Number of protein chains: 2
Amino acid sequence: MTKTESSSESHLSGVALWRRIADAIRLDIVGGKRQPGDRLPGETELAERFSANRHTVRRALAALQAEGVIRTEQGRGSFVDQARRVSYRIGKRTRFSENLAGQAATISRDMLSSRLENATGSVAAALGLRAGTKVTRLETLSSADNRPMSRASIWLSYAAFPDFAVRFAENPSITATLASYGIADYARASTRISARHADADETATLKLAPGAILLVSEAVDTDLGGKPLLYALSRFPADLMELVV
Amino acid sequence: MTKTESSSESHLSGVALWRRIADAIRLDIVGGKRQPGDRLPGETELAERFSANRHTVRRALAALQAEGVIRTEQGRGSFVDQARRVSYRIGKRTRFSENLAGQAATISRDMLSSRLENATGSVAAALGLRAGTKVTRLETLSSADNRPMSRASIWLSYAAFPDFAVRFAENPSITATLASYGIADYARASTRISARHADADETATLKLAPGAILLVSEAVDTDLGGKPLLYALSRFPADLMELVV
DNA sequence: TTATGTTGTCTAGTTTATTAGACAAGTAGA
DNA sequence: TCTACTTGTCTAATAAACTAGACAACATAA
C-alpha cells in the first residue's frame with residue numbers, strides 16, 4: 001500500500017524532485033549560508049540528506065551549474081561559484097541606477113520596445129486617467145554586470161509626456177528623461193509586491209532557469225504634489241535579488 | 001529530431017505542465033482578472049490555449065478545486081470560487097491584526113511553540129546582540145477567517161523580555177505583550193522581502209498546495225529610540241497575499 | 001605507488017506525466 | 001424530446017522522472 005511513499009510528494013506537488021533539491025541548495029547559497037569557494041557535501045551525502053538517488057542529485061547539481069551558481073570538478077566535488085543576493089532598496093526616492101550602485105560595477109537599463117496604447121483598468125487607475133486614454137508603454141531590461149536583473153513595463157500619460165520613448169532613448173535613465181520634461185524630482189507613492197513563476201518570455205529575456213520565481217513590484221511614482229507620473233510593473237528574479245523596504 | 005518539441009520545455013523546467021497551467025489560471029483569478037462566479041473557458045478550449053491535452057488541463061483544474069479556488073460542475077463548467085488577493089501593508093507602524101482588519105471577519109495569531117536558544121549570526125545581527133546570547137524564539141501561525149495566512153518565527157532578547165512566551169499566551173497580540181513590558185509603541189526599522197518555494201513543513205501548516213510560492217519578509221522592529229526589540233521572519237502564501245509598501 | 005574518496009558514465013527497470021481517442025453522463029436551450 | 005455542448009471516466013501508448021547498481025576516471029594524501 002505504501003510501496004511508493006517517497007514519490008507520493010512529487011505526485012502532489014507537480015515540481016520535480018531534482019528541482020526541489022536544486023532550489024534548496026540554491027537557497028542556502030543565495031541566502032548566505034554557503035560562501036563562494038565553499039565545497040558542497042558529496043553527491044552521495046546529498047542523496048542521503050534529500051532521500052533521493054544520486055542521479056537525481058546530479059541532475060539538480062547540473063541545473064545549478066548551468067545557472068552559474070556552482071561549479072563541479074571531477075574527483076574533487078562541487079564548489080559555490082556565486083555571491084549572495086543583491087538588495088534593491090524601496091523607499092520614497094527609488095531610483096534604479098542609484099540603487100544598485102556599489103553592488104555592481106556596471107549598471108544598464110535598455111529599452112526593448114515602446115508603443116502607444118489605450119489605458120486599461122489597472123493602468124488607468126494607477127495613473128488617474130479615464131479608461132481608453134492614450135498612454136506610452138515602455139518595455140525595459142535592466143542589467144548589473146551584464147546579468148539581467150529586472151524586466152519592467154512602464155506606462156506614462158501620452159498627453160503629459162509626448163514622445164517619451166524617443167527622449168528616453170537619448171537619456172541614460174528614467175530620472176533624466178523626466179527631468180527633460182521639467183520634472184526636477186519625483187517620489188514613490190505606493191508599491192505592491194507579489195511573487196509568481198516566470199512565464200516563457202520572462203524566462204528568456206531574464207536568462208533564467210525555466211520555472212524560476214519572480215518578485216513582482218507594481219509601483220506608482222508621483223510628482224511632489226502627488227500627481228501620478230508613471231506606473232511601473234517590475235519583475236526581479238527572486239534567486240538573485242531581495243527587496244528592502 | 002523535433003518530435004517531442006512541446007515537452008522539451010517541461011524537461012528543462014522541472015515544473016509539471018499541469019502545475020504551470022494551474023498557476024496561470026490561479027494568477028488570473030487572484031490578480032482580479034476573473035471575478036468570483038465567472039465561468040472559465042471549457043476544458044477543450046483551455047487545452048488548445050495551453051497547447052496541452054484535455055486530461056492535463058483536467059488535472060490542473062482538479063488541483064485548483066482542491067485548493068478551493070474554483071468549483072467544477074458536470075455538464076456546466078468550472079466557476080471561480082475565491083476572491084482576489086489580500087493586501088498586507090508594510091510601513092513604519094506594521095501591526096498584524098490592524099493590518100487585515102476590514103479584509104476578513106475573524107483574525108487570529110496562534111503560538112505553535114516557543115523555546116530558548118542561543119542567537120546565531122543573522123538573529124544576533126538583527127537584534128544587535130553578541131552571538132550566543134540567549135533569545136526567545138516563537139513560532140506562530142496567523143489566520144484570517146480560519147484560512148492560514150502567515151507563518152512567522154519571532155526572536156526577542158531573553159534578558160530584555162523574560163518569559164515573553166508565557167505573557168504572549170495570555171495576551172491577544174505581540175503589541176499587547178510588548179505593552180505589558182512597558183513598551184508603549186514601536187516601529188518597523190527595516191523589511192527585507194524575498195520569495196521561494198514552500199518547504200514540507202510550511203506546506204503542511206499553511207495548508208498549501210505542495211510547490212506553492214511564499215513571500216518571505218525579514219523584519220526588525222525597534223522602540224522609538226531605535227533600539228531593536230524583535231526580529232521576525234514571516235512567510236506569506238504568494239497566491240493569497242501581496243505586500244503593500 | 002597505493003588507498004580512498006570523489007565525480008562521470010553506462011545499463012536497466014519502475015513510476016509518473018502527458019498524449020490520444022472513445023464514450024458515458026449531466027446541462028441547457030430550441 | 002431532440003440537439004449541442006459540457007464534464008466524467010475509461011483504455012492505451014509514449015515520454016520523462018526516478019531509482020538501483022556497477023564501474024571508469026580523476027584527485028589527493030599517505
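Located above this text is the structure these notes cover.
Described below are features of the structure shown in this document. (Residues numbered from 1 in each chain as written. Chains lettered and ligands numbered in written order. Predicted model: local features only at pLDDT ≥ 70, side-chain atom pairs only at ≥ 80, totals over all residues. Heavy atoms only, no water.)

1. Description of the protein's contact with DNA strand D
The condition that has to hold: Whether a residue is near a molecule or strand depends on its heavy atoms: it is near if one of them lies within 4 Å of it. N or O atoms closer than or at 3.5 Å make up a polar contact, with two conditions inside protein: a donor-capable atom paired with an acceptor-capable one, and, for residues adjacent in sequence, both atoms drawn from side chains. In this text, helices come from DSSP runs of H or I with a minimum length of four residues, and strands from runs of E with a minimum of two, each type numbered from the N-terminal end.
What surrounds DNA strand D is a group of 29 residues, the closest being L17(A), W18(A), H55(A), T56(A) and R54(B). Expressed as a percentage, the sugar and phosphate content of the atoms of DNA strand D within 4 Å of the protein is 69%. Take H55(B): an N or O atom from its side chain is 3.5 Å from a base nitrogen of DNA strand D. Those elements that place two or more of their residues in the surface near DNA strand D are α2 (17–30) and α4 (54–67) of chain A together with α1 (8–13), α4 (54–67) and β1 (70–73) of chain B.

2. Considerations on the relation of the copies chain A and chain B
The operation relating the pair of chain copies consists of a rotation about an axis and a translation along that axis. The condition that has to hold: A least-squares fit on C-alpha atoms brings the copies together, and the residues used are those whose pLDDT is at least 70 in both copies. Contacts are assigned to residue pairs with any non-hydrogen atoms lying within 4.5 Å of each other.
When chain A is brought onto chain B, the operation consists of a screw motion whose angular component is 180° and whose axial shift is 0.0 Å, with 0.0 Å RMSD remaining. On the angle and the small slide along the axis, the relation comes out as a two-fold axis. For chain A, the residue whose C-alpha comes nearest the rotation axis is V15(A), separated from it by 2.3 Å. When the interface residues of chain A are mapped onto chain B, 100% of them again fall at the interface, so both copies present the same face.

3. A closer look at the packing of helix α2 (residues 17–30) of chain B against α4(B)
When two helices pack together, their arrangement is given by the angle between the helix axes and the distance between those axes. All names here are of chain B. As a reminder, the rule being used: Between N-to-C directions, angles span 0 to 180 degrees; the directions come from axes that are lines fitted to C-alpha atoms, helices contributing only their stretch in contact. With respect to orientation, any angle under 35 degrees is reported as roughly parallel, any angle over 145 as roughly antiparallel, any angle of 65 to 115 as roughly perpendicular, and every other angle as oblique. Crossing chirality is assigned from the near helix's rotation relative to the far helix, an anticlockwise turn below a right angle marking it left-handed and a clockwise turn marking it right-handed. Residues are sorted three ways: Asp, Glu, Lys and Arg are charged, Ala, Val, Leu, Ile, Met, Phe, Trp, Tyr, Cys and Pro are nonpolar, and all the rest, Gly among them, are polar.
In the contact formed by α2 and α4, the axes pass within 8 Å of each other and the chain directions differ by 55°. Viewed along their axes, α2 and α4 adopt a mutual orientation that is oblique. Every pair of crossing elements has a handedness; the one defined by α2 and α4 is right-handed. Across from L17, W18, I21, A22, I25 and R26 in α2, the residues of α4 making contact are T56, V57, R59, A60, L61, A63, L64 and E67. Grouping the amino acids of the contact of α2 with α4 by side-chain chemistry returns 10 nonpolar, one polar and three charged.

4. A word on the interface of chain A and chain B
Selection criterion: Once two parts are brought into contact, the accessible area they lose, counted with a 1.4 Å probe and summed over both, makes up the buried area. Criterion for a salt bridge: a side-chain nitrogen of Lys or Arg within 4 Å of a carboxyl oxygen of Asp or Glu.
In this assembly, 31 residues from chain A lie in contact with 31 residues from chain B. For the pairing of chain A and chain B, the buried interface totals around 2800 Å² over both sides, and the portion due to carbon and sulfur atoms is 59%. Three residues stand out in chain A for area buried against chain B, namely I193(A), H197(A) and V245(A), and they jointly supply 20% of the buried area on that side. For the pair chain A and chain B, the number of links is two salt bridges. The partner of R192(A) in a salt bridge is E242(B), and the shortest N-O contact between them spans 2.9 Å. One can count 11 residue pairs in polar contact (both at pLDDT 80 or more) joining chain A with chain B. Sorting the residues of the side of chain A that touches chain B by element identifies α1 (8–13), α2, β7 (186–197), β8 (213–223) and β10 (241–244) of chain A as the ones contributing at least two each.

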